[in-house]
Structure formats: C-alpha cells, structure tokens
Amino acid sequence: MKLLVVLLLFAAAAAAVLCSAASAPGPLECAPAGAPCARAFRNVAAKDAKDENDDEISLGSIFSSIFAFFSDGFKSIFGGENEEIAQEKESKAPPKYTRVLYKNWRLVKATPRSQDQLDEMYTIEEDFDKVSYWKHPTFRNESCDFIVPPGMMNVVEDFLRERQISYKIVTNDLQKMIGAANPKMMKEQRDAIINEVGHTMTWIRYHRYSDILNYMDHLKRKYPDKVSVIKIGKSTRGLSLRVLKISTGQAENVTAKPAIWIDGGTHAREWISPAVATYIMKQLAEYSKTNQLIVNSFDWYIMPVLNPDGYEYSHTSDRLWRKTRSKNKDDGRALWGDLFNFCGDDVGVDPNRNWDFQWSKQGASDSPCSDTYAGPKPFSEPEVKAVADFLLDNMVNMKFFLTLHSFGQMWLLPWSYTSERVADFDDLMSMGKKATDAIAKFRGTKYKIGSTTKLLYHSAGSADDWAKAVAGIKYAYTVELPDKGDSGFLLPASEITPTGKETFAGIKAMTEAYVEKYHPSWMTAARKPKPAQSSATKPKPNPASSQPVNASATGAKNKGVVKRGQPIRIVVAKPNANNQLNKRTGN
C-alpha cells in the first residue's frame, strides 16, 4: 500500500514538472488561465510581488516546492517528528516570517447589473490566478470587491469590458493603502500615553495583541470590584486566550443574571473588530455610571481577539491573512487537490467554518489552501474549541451572542447554512432593528439586517449558527462593521472611534430594549430619582455665610411661601433691629 502511495506521489510530481516546464519562463500560467498548476505556486509568487514583472518564478522554486511536498509525504507515510513535539518547539521559539508586500496590487470594485454578469463574476477567482475576493458577488446591482496582482490588471479589465460589467479601481497600490491605514506611533508618544493613563490603547491606531492584553489587565487593576480577566485556553502557537468579564454582581429579583458575549478578531485581517471590542470594554468599565442600566443588568463577557495567532501574523507578515496559523497535514479529504496546491505547512483554518454545527457543508471548503477551509474536523482549532467550551459552561445565562466582523455594514441573523428562516426570526429582527436604528441615528450609518444567506452567502459551520442551535443563545448575531468596500479590510484608524461609538450606541439600545421587555422593573428602578437627604444627615448652614442654599419652603403668602418644590435662594444674615431676616428669593 505504501509503495502505491509513493508511486502516486512520483506520478503527481512528474505531472507538476511537465506542466511548469511548458510555461517557463514567463508568467505563472500552465495552460488556460486558472489551470491547477498555475494555482499551485500562488503563495510563492504572492510573497515575491515587488514590481509589475513579479509573476515569474524559477524552475528551482518549483523543485523546492516538490521536494517539500515529498518530504511531508514521506514523513506522514513512514513516520516523522511528532506533531506535538514540533509545535512545542515552535511555541518556545516563535517563527520569523517574511513580510508579504502588495506593491502595485489593485483593489477593484465591480457592479454586475444582469444575472448573466453576476454569473460571470462568480468565476473570476477561478479564471484568474491570485485574484481574490474581499466581498463576493451576491446580488444584481450590488458591488463586489476584489484584489488583482501586478501584471494581471489588463487581462481582468478585458474580461470586465467584454461582459460590459461596470467597475472602478479603488487603488493602484494596495501597499500604500495598507501603510496609510495605520499610522505609526513613536516611542515617545507611547511613553507619554502610559504615563498619562497607564496603558497604550489610543483608538486612533490599530494595536498589537500585547497592547490589548495589557489594557485588559489595566482595567482589572483599576476596577477590581467589577472587572476580571478569564483565561480560557491557549492558541495553536501558545498565545493566551482571554476574556474580560464586567459584572456588578447579582441583579434584582432574578436567580440568574443575564449575560452577553461579544468577540472580535475571528478573521485576522479584520482589524476594526478587535478595536471596536476594546472600545466597548472601555465604555462599560470606565464609564459605568453613564451606562449604569446595562452595566448593572448584564454580565458582560468580551473576547477582543479570538484568533490571536492570525491577528499577530497579519501585523508581522501578511496584512490580508484571514485564517488561524495551525498545521493540518492529516486532512485526507482534499489530497488530490493538494497535489497541485503547495500551501506550505501554515495553511490555517477559517475559524468561522470550524464550529460543530452543519460543519463543512455549503459555503465551506475542504481544501487547506482555501480561505474558507473548514479544517480537518469540527473544533480542530483550539481557539474555537475554547470559546465553545466556555459558552457551554455559561449557556444558561447567556442571552446575547455578538461576533464582530468586517466589512459590509450588516446585522446578520442565523441561519448561515440554509436559506430557511430561524423559528423566532421576527423576534431576532425586532431586537436587531433596535441596534441598527440607533446606529443610523448616531451618525447616519446604514446597516442592512437579515439572515446571512439572504444578505451575504452560505457559510456552514459558523459561530452564530452554533451559538443559536447548540448553545441555545436566543439573540445570536454576526455584525459586519463598516465600511461598504471603499476601504474594506483596510479601514483607516481614524474610523476606529466613530465606528466604536456608533456600534456601542447600537448595542446599548438593543440591551436596553431587552431589559425593558424582560425586566421592566429594572428600568423603573434605574429611572427613579435618588431619595431626598434626611434631616439627620442634611448639612447645617453656616449663619455667617452668604453662600446661596437650595431649599424648598411652604407656608402662607407674604410669609415666605412659594409653591411646593419651587427652588429658592436664601441668604442667611444677622437679625436686624426688628429681629427679622432679610430674605431674597429667586430661581
């Protein structure tokens, strides 16, 4: 059996060499555009994108890839280093990555008007190597966004013109857009911020994972009576997975206080989601008096970065990385496809396709090279499994599940795996509408609201579906944050605070609506004025003082009487010759 596998490996290698030789030297094409061999080396070419001619690849690179493939294959057949040992070594010495540059890559926005044009747009990733969608085509008259590597734009433009599909080039150099989106902070600025507020979070730039963890610890130290940090596990690369809990204790007249879960950073490149999650933490912890009703009514669990390995990799190497950073060599479902897809070891998994509900069905891929790869099995990713275990432990109290993503400005309801409506669709729509209406009122940002398959696409194995179906969390939503594609995943850091403010306004309106619906007495108690000060504790005025004192007075007219509750100003002075007080009244 092993000999047969070896022969198959050699046959595959021979096919790959023949295919590459037929097209070398020249652009990375083996036959018609989109042939499997062309896609085989997409990552190698992407990492070497330096100018308009960066699509050329040497024969040596081809043989290096084949050698690496054989090495991995023989290890899996005849034995090799234990995977756990390898990962343990790696966690002790974090790997160094080569930065992927997107110089001269284009960001294109196209709008199909007819059904034929829409059908043609579905194939663009398959027809053109390394062209990648940011926002997939979904409906007629709605724009889709994709990036185009250097040297491919003329061909793509010909494709669009021939089909009369309207388009515009958002940027001619994606790398410049990447650099402009997140301004650097000088060391002097960091030091000044730490000295002033005790942490480095600013909400005017996107921060690394260490800054986020430090801010969580800062809140715990500053507000120990209501803030705690819970460690729920470790990532594939050994980073700590942490959740911030904000709670003021048991609520009135309930045996179990309702809870709300919010997470960000599921997809590594969606930097706005961790930034907004930390902004929400700030509002609840540092401005708890302003937000007293919702702080007192809920236990808040916020995980700003669910996928820290991918998030860090998007900072250090590839800004547009989406998945986790795990190794999945044991997935035999896509073996034949992988013979032509040398993704390398660190292919990762889409965390939002890895949940154990309707796993690996429509909208998820079984190819490790795909951005929507569901993984070798449900919950293969320790990050996803850790969150699922935590939610199951707290599922009785959990009433809201919000997972923050970008982009598109959509408030999405289950289901993601089917076009059928969830049973309590109307209730979820009504509650979600409270949020989208509040967001629109705040600064005019318009959100669409509806089921994922209606507004976006199928995505089986998603977090919100699992939260609704398995954990039984009634109000489960996926929130696609701004914008609608002009910046996409590269939303400028200047938009962090405005986006945070409007998103928090939406969440606040929604949770207040929940309290009003299920616990109206809490609303009444929160609106009650504070009881008047008793005479025993009321401060006595200084007879010699001329400072005004607010008071209420009752009595007959011409004897210092005013209407009940009317404020007056009394100036206390020494008695005159007739033993009377000089009085002044006013507002």
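Bear in mind the structure is a predicted one, so any value in this text is a computation, not a measurement.

J.: Pulling in residues and values, what's your account of the overall build of the protein chain?
T.: Scanning the protein chain from terminus to terminus reveals 21 helices and 14 strands. Counting all 587 residues of the protein chain, 51% fall into the buried class. Carbon and sulfur atoms make up 52% of the accessible area of the protein chain, which totals about 28700 Å².

J.: Break down empty space enclosed by the protein for me, citing the residues and quoting the values.
T.: Overall, the coordinates contain four cavities of 30 Å³ or more when judged by the stated rule. Looking at the second largest cavity, the residues that line it are Met201, Trp203, Arg205, Tyr206, His207, Ile212, Trp271, Pro274, Ala275, Thr278, Tyr311 and Ile496. Counting residues per element, the lining of the second largest cavity draws most heavily on helix α12 (residues 272-286), at three residues. Considering only residue class, the lining of the second largest cavity consists of nine nonpolar, two polar and one charged.

J.: Would you mind going over the sheet that holds strand β9 (residues 398-406) in detail, with residue names and values included?
T.: The eight strands are arranged β5-β6-β8-β7-β9-β12-β10-β11 in an open sheet whose pairing can be described as mixed. Strand pairing shows two members of the sheet lacking a second neighbour, β5 (227-234) and β11 (448-451), which therefore form its edges. For this sheet the average axis-to-axis angle between neighbouring strands, irrespective of direction, equals 20 degrees. Note: strand β6 (residues 240-246) against strand β8 (residues 299-303), three bridges, orientation antiparallel. Residue pairing across strands places leucine 244 opposite isoleucine 302, the latter belonging to β8. Those strands touched by helix α11 (residues 209-222) are β5 and β6, and its axis lies near 35 degrees from that of β6.

J.: Go over the sheet that holds strand β3 (residues 144-148) with me, naming the residues and quoting the values.
T.: Taken together, the four strands give an open sheet; going across it, the order is β2-β3-β1-β4, and neighbouring strands pair in antiparallel fashion. Strands with a single pairing partner mark the edges of an open sheet, and in this sheet they are β2 (132-135) and β4 (166-171). Here the strands of the sheet are splayed against their neighbours by 30 degrees on average, with no regard to which way each runs. As judged from the five bridges shared by strand β1 (residues 106-111) and β4, these two strands associate in the antiparallel manner. Paired with lysine 109 across the bridge in β4 is lysine 168. Across the sheet, helix α8 (residues 153-162) lies against β1, β3 and β4, angled at about 155 degrees from β4, the strand it touches most.

J.: Can you break down the pairing of β1 residue by residue, with the values?
T.: Side chains on a regular strand alternate between the two faces of the sheet. Of all six residues making up β1, six are buried, and the element is well covered by its neighbours. As defined by bridge partners, β1 adjoins β3 across five bridges and the pair is classed as antiparallel. Bridge pairing links leucine 107 to isoleucine 147 in β3.

J.: So what's going on with the packing of aromatic side chains? Which residues, and what values?
T.: Centre-to-centre distance and the angle between the planes together describe a pair of aromatic rings. Per the stated rule, a full pass over the model turns up 26 aromatic pairs. Both rings, one in tryptophan 261 and one in phenylalanine 390, keep their centres 5.7 Å apart while their planes meet at 45 degrees; by these two values the pair is tilted. Here phenylalanine 390 lies in helix α16 (residues 382-393) and tryptophan 261 lies in strand β7 (residues 259-263), a separation of 129 residues in the sequence. Neither tryptophan 261 nor phenylalanine 390 differs from the other in exposure class; each is buried. An aromatic cluster is present here, built from Phe298, Trp300, Phe400, Tyr475, Tyr514 and Tyr518 joined pairwise through their rings. Lying across the ring of tryptophan 321, arginine 325 places its NZ or CZ 4.5 Å from the centre. Here lysine 474 stacks its cationic end above the ring of tyrosine 475, 5.3 Å away from the centre of that ring.

J.: If you had to explain helix α17 (residues 425-443) to someone new, which residues and values would you point to?
T.: Along its 19 residues, α17 runs 27 Å from first to last C-alpha, staying within 8% of the 27 Å computed at 1.5 Å per residue. Within the sequence span of α17, burial applies to Phe425, Asp427, Leu428, Met431, Gly432, Ala435, Thr436, Ala438 and Ile439. Buried residues belonging to α17 abut β9, β10 (410-413), β11, α19 (463-469), β12 (475-481) and α20 (496-518). Trailing α17 by a residue or two, glycine 444 shows a phi angle of about 85 degrees, which is positive.

J.: So what's going on with the packing of α11 against α12? Residues and values would help.
T.: Relative orientation of the contacting elements α11 and α12 amounts to 10 degrees, with a least axis distance of 11 Å. Between α11 and α12, the interaxial angle falls into the category roughly parallel. Touching Ile212, Tyr215, Met216 and Leu219 of α11 are Pro274, Thr278, Met281, Lys282, Ala285 and Glu286, all from α12. Looking at the contact of α11 with α12 residue by residue, the classes come out as seven nonpolar, one polar and two charged.

J.: Explain the confidence of the model for the protein chain to me, and be specific about the residues and the numbers.
T.: Put simply, the protein chain has an average pLDDT of 80, and 69% of its residues get 70 or more. When the criterion is pLDDT under 50, residues 17-64 qualifies, and its contacts beyond four places in sequence or with other chains add up to 72 contacts. Low pLDDT (under 50) marks residues 334-340, which in the prediction has twelve contacts with non-local residues, meaning those over four places away or in another chain.

J.: Account for the packing of α17 against α20, naming residues and giving values.
T.: With their axes 8 Å apart at the nearest point, α17 and α20 run at an angle of 140 degrees to one another. As summarised for this structure, α17 and α20 are arranged oblique, according to the angle between their axes. Note on packing geometry: the crossing formed by α17 with α20 is right-handed.

Definitions and cut-offs
- Each chain has its residues counted from 1, running along the sequence as written.
- Whole-chain, interface and lining totals are the exception, using all residues; otherwise, since this is a predicted model, local features are given only for residues with pLDDT of at least 70 and side-chain atom pairs are given and counted only at 80 or more.
- The basis for every side-chain value is the complete set of heavy atoms in the structure, and neither hydrogens nor water enter the calculation.
- Secondary structure elements follow DSSP: runs of H or I of four or more residues count as helices, runs of E of two or more count as strands, with numbering from the N terminus.
- The cut-offs for exposure are 20% and 50% of the maximum accessible area for each residue type, with area from a 1.4 Å probe on protein chains only; residues under the lower value are buried, those over the upper are exposed, and the others partly exposed.
- Note on areas: these come from Shrake-Rupley sampling with a 1.4 Å probe, and a residue is covered only by the protein chains present in the view.
- Think of a 1 Å grid over just the protein atoms. A cavity is a set of points where a 1.4 Å probe fits yet cannot get out, a pocket is an open set with protein on both sides within 12 Å along at least five of seven lines, and lining residues have an atom within 4 Å of a point.
- Grid points are joined across faces, edges and corners, and a volume is the space filled by probe spheres set on the points.
- Under the convention adopted here, Pro, Cys and the residues Ala, Val, Leu, Ile, Met, Phe, Trp and Tyr are nonpolar, Asp, Glu, Lys and Arg are charged, and Gly plus all remaining residues are polar.
- Should DSSP find at least two bridges between two strands, the strands are taken to pair.
- Every axis in this analysis is a line fitted to C-alpha atoms, fitted for helices over the stretch in contact. Angles between the N-to-C directions lie between 0 and 180 degrees.
- Should any heavy atoms of two residues lie within 4.5 Å, those residues are counted as being in contact.
- Here is the rule: rings of Phe, Tyr and Trp (six-membered ring for Trp) pair when centre to centre is within 6.5 Å. Planes less than 30 degrees apart are stacked, more than 60 are edge-to-face, and the remainder are tilted.
- Geometrically, a lysine NZ or arginine CZ counts as sitting over a ring once it is within 6 Å of the ring centre and also within 35 degrees of the ring normal.
- Given a helix with a known number of residues, its expected span is that number minus one, times 1.5 Å.
- For classification purposes, an angle smaller than 35 degrees is called roughly parallel, one larger than 145 roughly antiparallel, one from 65 to 115 roughly perpendicular, and anything else oblique.
- Confidence of the predictor at the level of single residues is given by pLDDT, which spans 0 to 100.
- By convention, the crossing between two helices is left-handed when the near helix turns anticlockwise from the far helix through less than a right angle, and right-handed when the turn is clockwise.

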